[in-house]
Amino acid sequence: MGFDYIELDVRLSKDKQLVVIHDANVLRTTDGEGLIEDLTVKELKKLDAGSWFSPAFAGEKIPLLNEVLKEVSGKTGIIIEMKSPENQPGMTEILADMLNSYKPDNQIKVQSFHINEIKKFHQLAPEIPAGLLLSKHLDLFHLASYRDFASFLSVHHLLLSKSFINQAELFGYEIYSWTISKQYQFADMQRLGVHGIISDDEKRIPDSIIYVLITPFLKGQDFFKTLLA
């Protein structure tokens, strides 16, 4: 498919299962309503999570993380974003426990905006690369202090500069940019020297050595069907 990872988001259901979904509420992307944290997996699995996107996806179900891990094993890498783990007690521990017991045939990385939860995740699962999502600038002090538990930084593309990337590389970070959607932005990111691009479109510069990370999970489901066909 021309990319190395899919990026997805996880939240906790009422019965403490890791659910792959971006929004905290199912209203926008299903035929139901309610917060993920207030619904059990049994209730979530009754919802149509595809029709909002396209009639071709009618009847698609909200996947669990363990289902996705089994589906893509050996086929592509995964970057897992913990959504609001500071407001969902137990998420970090549950994810770390799952990934520690999982024997992947592909690369897995975990990221979040929440510094303390990523620090905790690294302590619980030190073998799994952990990273921070950033929407504001970091100074040298923070670059140095975060390196104890983060191996990569996912940075909003408007914050990126060649000097920042050079500084981050001195500390051993990989730098990913998000969210890239226009073709010229791919070339811009390559010129800056980022190590990866988080995108919501399937564009890639031919022969580029950088990753392209595809975000929307429904496109990922279509990708799974193609792989299994």
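Anyway, here's the lowdown on the structure attached to this text.

Here is what the cut-offs are and how they apply
- All residue numbers here refer to positions counted from 1 along the written sequence of the relevant chain.
- Totals for whole chains, interfaces and linings use every residue, but because this is a predicted model, local features are given only for residues with pLDDT of at least 70 and side-chain atom pairs only at 80 or more, for both listing and counting.
- As a rule here, side-chain values come from all non-hydrogen atoms in the structure, and water together with hydrogens is ignored.
- In this analysis the probe radius is 1.4 Å and the grid spacing 1 Å, with only protein atoms considered; a cavity is a set of points the probe fits into but cannot get out of, a pocket is an open set with protein on both sides within 12 Å along at least five of seven lines, and lining residues have an atom within 4 Å of a point.
- Grid points are joined across faces, edges and corners, and a volume is the space filled by probe spheres set on the points.
- Here, a salt bridge means any Lys or Arg side-chain nitrogen found within 4 Å of an Asp or Glu carboxyl oxygen.
- Secondary structure counts use DSSP, requiring at least four H or I residues in a row for a helix and at least two E residues in a row for a strand, with both numbered from the N terminus.
- Think of it in three bands: residues with accessible area under 20% of the maximum for their type are buried, residues over 50% are exposed, and the middle band is partly exposed, with areas taken using a 1.4 Å probe on protein chains only.
- Paired strands are those between which DSSP finds at least two bridges.
- With strands facing away from the observer, any crossover in which the path from the first strand over the helix to the second runs clockwise is taken as right-handed.
- Note on definitions: angles span 0 to 180 degrees between N-to-C directions of axes, and those axes are lines fitted to C-alpha atoms, for helices only across the stretch in contact.
- Should the near helix be turned anticlockwise from the far one by less than a right angle, the crossing is termed left-handed; should it be turned clockwise, right-handed.
- What makes two residues a contact is simply this: any of their non-hydrogen atoms within 4.5 Å.
- Ten residues, namely Ala, Val, Leu, Ile, Met, Phe, Trp, Tyr, Cys and Pro, are considered nonpolar, four, namely Asp, Glu, Lys and Arg, are considered charged, and the remaining ones, Gly among them, are considered polar.

Observations concerning empty space enclosed by the protein
- Tallied over the full model, the rule gives 1 cavity of 30 Å³ or more.
- As a volume, the largest cavity reaches approximately 40 Å³.
- As for the largest cavity, its lining consists of Leu134, Lys136, His137, Leu138, Val155, Leu159 and Phe164.

Considerations on the pattern of salt bridges
- Applying the stated criterion across every chain, the model contains 6 salt bridges.
- For Asp188, the salt bridge identified is with Arg191, shortest N-O distance 2.3 Å. Of the two residues, Asp188 and Arg191 both sit in helix 7 (residues 183-192), 3 residues apart, roughly one turn of that helix.
- For Arg191, a relative accessible area of 59% translates into the label exposed.
- Linked through salt bridges whose partners overlap, the residues forming this network are Glu93, Glu117 and Lys120.

Notes on the environment of Ile78
- Along the polypeptide, Ile78 turns up in strand 3 (residues 77-82).
- Note on Ile78: relative accessible area 0%, which makes it buried.
- Considered as a pair, Ile78 and Leu8 are 70 residues apart in the sequence and their alpha carbons are 7.5 Å apart.

As for the pairing of strand 4 (residues 108-112)
- Most of strand 4 is tucked away, with 5 of its 5 residues classed as buried.
- Residue alternation in strand 4 divides its side chains into two sets, Ile108, Val110 and Ser112 and Lys109 and Gln111, and both sets are buried.
- Here strand 3 pairs with strand 4 via 4 bridges, running parallel. From the neighbouring strand, Ile79 faces strand 4, where its bridge partner is Lys109.
- With helix 4 (residues 115-124) bridging strand 4 and its parallel neighbour strand 5 (residues 130-134), the resulting β-α-β unit is right-handed.

Some thoughts on unusual backbone geometry
- Residue Trp178 is joined to Thr179 through a cis peptide bond whose omega torsion reads -25°.
- With respect to the secondary-structure elements, Thr179 resides in strand 7 (residues 174-180).
- One non-glycine residue, Lys16, adopts positive backbone phi at about 65°.
- Even without a glycine there, the phi angle at Ser84 is positive, about 50°.
- You can see Ser84 is positioned in the loop between strand 3 and helix 3 (91-101).

Notes on the packing of helix 3 against helix 4
- Where helix 3 meets helix 4, the closest approach of the two axes is 9 Å, and the angle between their N-to-C directions is 35°. The two elements helix 3 and helix 4 meet at a crossing, and its hand is right-handed. Note on element contacts: helix 4 touches helix 3 through Glu117, Lys120, Phe121 and Leu124, opposite Thr92, Glu93, Leu95, Ala96, Leu99 and Asn100.
- In the contact of helix 3 with helix 4, the residues fall into 5 nonpolar, 2 polar and 3 charged.

Honestly, it's all geometry; don't read function into it.
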